[in-house]
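Notes for the structure review
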Protein chains: 2
Amino acid sequence: MTQERPYAQTLTRLREAGLRPTRQRLALGRMLFEGGDRHVTAEALHEEAQKAGVSVSLATVYNTLHQFTEADLLREVVVDSSRTYFDTNIDDHHHFFIENDGALMDIAGDEITIANLPKAPDGTDIARVDVIVRLHSRPRS
Amino acid sequence: MTQERPYAQTLTRLREAGLRPTRQRLALGRMLFEGGDRHVTAEALHEEAQKAGVSVSLATVYNTLHQFTEADLLREVVVDSSRTYFDTNIDDHHHFFIENDGALMDIAGDEITIANLPKAPDGTDIARVDVIVRLHSRPRS
DNA sequence: TCAATAGTTTAGAGCGATTCTAAAGTTAAG
DNA sequence: CTTAACTTTAGAATCGCTCTAAACTATTGA
Ligand SMILES: [Mn+2]
Ligand SMILES: [Mn+2]
Ligand SMILES: [Zn+2]
Ligand SMILES: [Zn+2]
């Protein structure tokens, strides 16, 4: 049901976000939103587009990822100080991060229980709570 | 007790880490380890050294922070995809991060209870669990 | 005390991810 | 259509950080 009319679906999302459905945005949007949840870097998405024969500049990939994030179609995940990951899962959730290969995996929000969270310091509000479970992959047997 | 003989204390730490107690390492070590827990960026520590009249190159600040981290005198905290923070608190603990001004504050490890953590995927081991409570500072009244 | 050696510092070049600029190309309106 | 608003893009610029290799310094053991 959520997989039908994929073309129209991405188109609608863009329209609702007030973004003109350009060739580039439609192509990137389809790569991101059709199929399951994804965690991508700009570089990786750009490469994927190239391979799919979609001509988009890296600058546009960055622009688009930021516009999608701004429109709440994506969120950023900070796990590595040298790359930014964009996440198509915008629900509250957490992550496994395999430091060896940079892979990110979702942990559903209700799979982890956080208790006794101290209250935010005066003058501040909690914007989000991120749990990152850092993993090291064991050498394959 | 932990604040006495500050000079000798830093000196001893360096010796125990197998690092020659050079003028630069001693100066940076004292700035980092005397007084309470700190969260610094290389840039900020470099500036602080300059202001204290200690001449150290930025490259040496980076080298030193990494060597200290390697020696378990510091740990890195990833909260911002554009800067690396180094933390003098090497106990298990978590952080408040005020996104507006880049301030980091500790949350003691036992102040948060994490329950139902899913088990690590096959072939991986948990290296660390980081909880980052992202805050937005409310405009001052 | 004083080499000789191993380890350290540093200026400056280099790198990689990301952002910026401003000119050319598109889309939406009317 | 025509026009105005928005978008894309190549390439330059930025920025945090790392690398290189030459100049220093701490350590060692005659
Ligand atoms: Mn960004
Ligand atoms: Mn590092
Ligand atoms: Zn995710
Ligand atoms: Zn800390």
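The structure we're discussing is the one just above.
Residues numbered from 1 in each chain as written. Chains lettered and ligands numbered in written order. Predicted model: local features only at pLDDT ≥ 70, side-chain atom pairs only at ≥ 80, totals over all residues. Heavy atoms only, no water.

1. With respect to the overall build of chain A
The secondary structure content of chain A amounts to four helices and seven strands. Its C-alpha atoms give chain A principal-axis dimensions of about 45 × 45 × 35 Å. Buried positions account for 40% of the 141 residues belonging to chain A. Of all intrachain contacts in chain A linking residues separated by at least 6 positions in sequence, the fraction that spans at least 24 positions is 44%. Accessible area of chain A: about 7800 Å², with a carbon and sulfur share of 46%. Computed over 16 positive and 22 negative side-chain charges, the separation of the two mean positions in chain A equals 7 Å. (Helix = DSSP H or I, 4+ residues; strand = E, 2+ residues; numbered from the N terminus. Buried < 20%, exposed > 50% of the residue type's maximum accessible area, 1.4 Å probe, protein only. Contact = heavy atoms within 4.5 Å. Areas by Shrake-Rupley, 256 points an atom, 1.4 Å probe, with all protein chains shown as cover. Lys, Arg positive; Asp, Glu negative; His and termini not counted. Charge placed at Lys NZ, Arg CZ, Asp CG, Glu CD.)

2. Some thoughts on the coordination of the zinc ion (ligand 4)
Distances from the zinc ion (ligand 4) to its protein donors, H39(B) (NE2), D87(B) (OD), H93(B) (NE2), H95(B) (NE2) and D106(B) (OD), fall at 1.9 to 2.2 Å. With relative accessibility at 26%, the residue D106(B) sits in the partly exposed group. (Donors = N, O, S within 2.8 Å, 3.2 Å for Na, K, Ca; no water.)

3. Section: the protein's contact with DNA strand D
In the vicinity of DNA strand D, 19 residues are found, and the nearest of them are T22(A), R25(A), T60(A), Y62(B) and T84(B). Across the atoms of DNA strand D situated within 4 Å of the protein, the share located in sugar and phosphate is 82%. One nitrogen or oxygen atom from the side chain of T60(A) is found 2.7 Å from a phosphate oxygen belonging to DNA strand D. Going through the elements one at a time, α2 (23-33) and α4 (58-70) of chain A together with α4 (58-70) and β3 (83-87) of chain B are the ones with two or more residues in the surface near DNA strand D. When the residues that make up the surface near DNA strand D are grouped by side-chain class, the tally is five nonpolar, nine polar and five charged. (Near = heavy atom within 4 Å. Polar contact = N/O pair within 3.5 Å; in protein donor to acceptor, adjacent residues only side chain to side chain. Nonpolar A, V, L, I, M, F, W, Y, C, P; charged D, E, K, R; others polar.)

4. Some thoughts on the interface of chain B and chain A
Of the residues lining the interface, 37 residues belong to chain B; the matching set on chain A comes to 37 residues. Interface area, chain B with chain A, both sides summed: about 3200 Å², of which 57% is carbon and sulfur. At the junction of chain B with chain A, the criterion picks out four salt bridges. In this structure, D130(A) engages R134(B) in a salt bridge whose closest nitrogen and oxygen atoms are separated by 2.8 Å. There are 22 residue pairs in polar contact (both at pLDDT 80 or more) connecting chain B and chain A. Those elements that provide at least two residues to the side of chain B that touches chain A are β2 (75-80), β3, β4 (93-98), β5 (103-108), β6 (113-115) and β7 (124-137) of chain B. With 14 residues, the top contributor of residues to the side of chain B that touches chain A is β7(B). Classifying every residue of the side of chain B that touches chain A gives 20 nonpolar, eight polar and nine charged. Where strand β7 (residues 124-137) of chain A meets β7(B), 13 bridges bridge the pair, whose relative direction is antiparallel. Looking at β7(B), one finds that V129(A) is bridged to V133(B). (Buried area = accessible area lost by both parts, 1.4 Å probe. Salt bridge = Lys/Arg side-chain N within 4 Å of Asp/Glu carboxyl O. Pairing = 2+ DSSP bridges.)

5. Quick word on the layout of surface pockets
Taken as a whole, the largest pocket encloses approximately 340 Å³ of empty space. Lining the largest pocket are 16 residues, and of these E76(A), V78(A), R128(A), E99(B) and R134(B) lie nearest its centre. The set of elements that each furnish at least two residues to the lining of the largest pocket consists of β2 (75-80) and β7 of chain A together with β2 of chain B. Per-element tally for the lining of the largest pocket: the top contributor is β2(A), with four residues. Of the residues in the lining of the largest pocket, the class split is six nonpolar, two polar and eight charged. (1 Å grid on protein atoms, 1.4 Å probe; cavity = no way out; pocket = protein on both sides within 12 Å on 5 of 7 lines; lining within 4 Å. Points joined across faces, edges and corners; volume = space filled by probe spheres on them.)

6. Considering the sheet that holds β3(B)
Sheet strands line up and pair through hydrogen bonds in the backbone, either parallel or antiparallel. Residue and element names in this part refer to chain B. Pairing within the open sheet is antiparallel, and its three strands lie in the order β1-β3-β2. Pairing within the sheet leaves two strands with one partner each, and these edge strands are β1 (39-40) and β2. Looking at chain direction, β1 and β3 are connected through two bridges and run antiparallel. Residue V40 lies in a different strand from β3, and its bridge partner there is F86.

7. Overview of the packing of aromatic side chains
One pass over the structure, following the stated rule, counts four aromatic pairs over all chains. Residues F33(B) and F68(B) carry aromatic rings whose centres are separated by 5.6 Å and whose planes lie at 35 degrees to one another, so their mutual orientation is tilted. Of this pair, F33(B) sits in helix α2 (residues 23-33) while F68(B) sits in helix α4, and the two are 35 residues apart along the sequence. The side chain of R13(A) reaches across the aromatic face of F33(A), ending 4.4 Å from its centre. (Phe/Tyr/Trp six-rings, centres within 6.5 Å; stacked < 30°, edge-to-face > 60°. Lys NZ or Arg CZ within 6 Å of the ring centre and 35° of its normal.)

8. Considering the environment of I126(B)
Looking at where I126(B) falls in the secondary structure, it is placed in strand β7. Excluding residues within four positions of it along the chain, I126(B) makes contact with V133(A), R134(A), L135(A), L117(B) and A120(B).

9. Brief notes about the sheet that holds β7(A)
Pairing is mixed in the open sheet, where six strands are placed in the order β5(A)-β4(A)-β7(A)-β7(B)-β4(B)-β5(B). Taken across any chain shown, the strands that pair with only one partner, and hence form the sheet edges, are β5 (103-108) of chain A together with β5 of chain B. For this sheet the average axis-to-axis angle between neighbouring strands, irrespective of direction, equals 30 degrees. (Axes fitted to C-alpha atoms, helices over the stretch in contact; angles between N-to-C directions.)

Without other data, these values stay purely geometric and don't point to any function.
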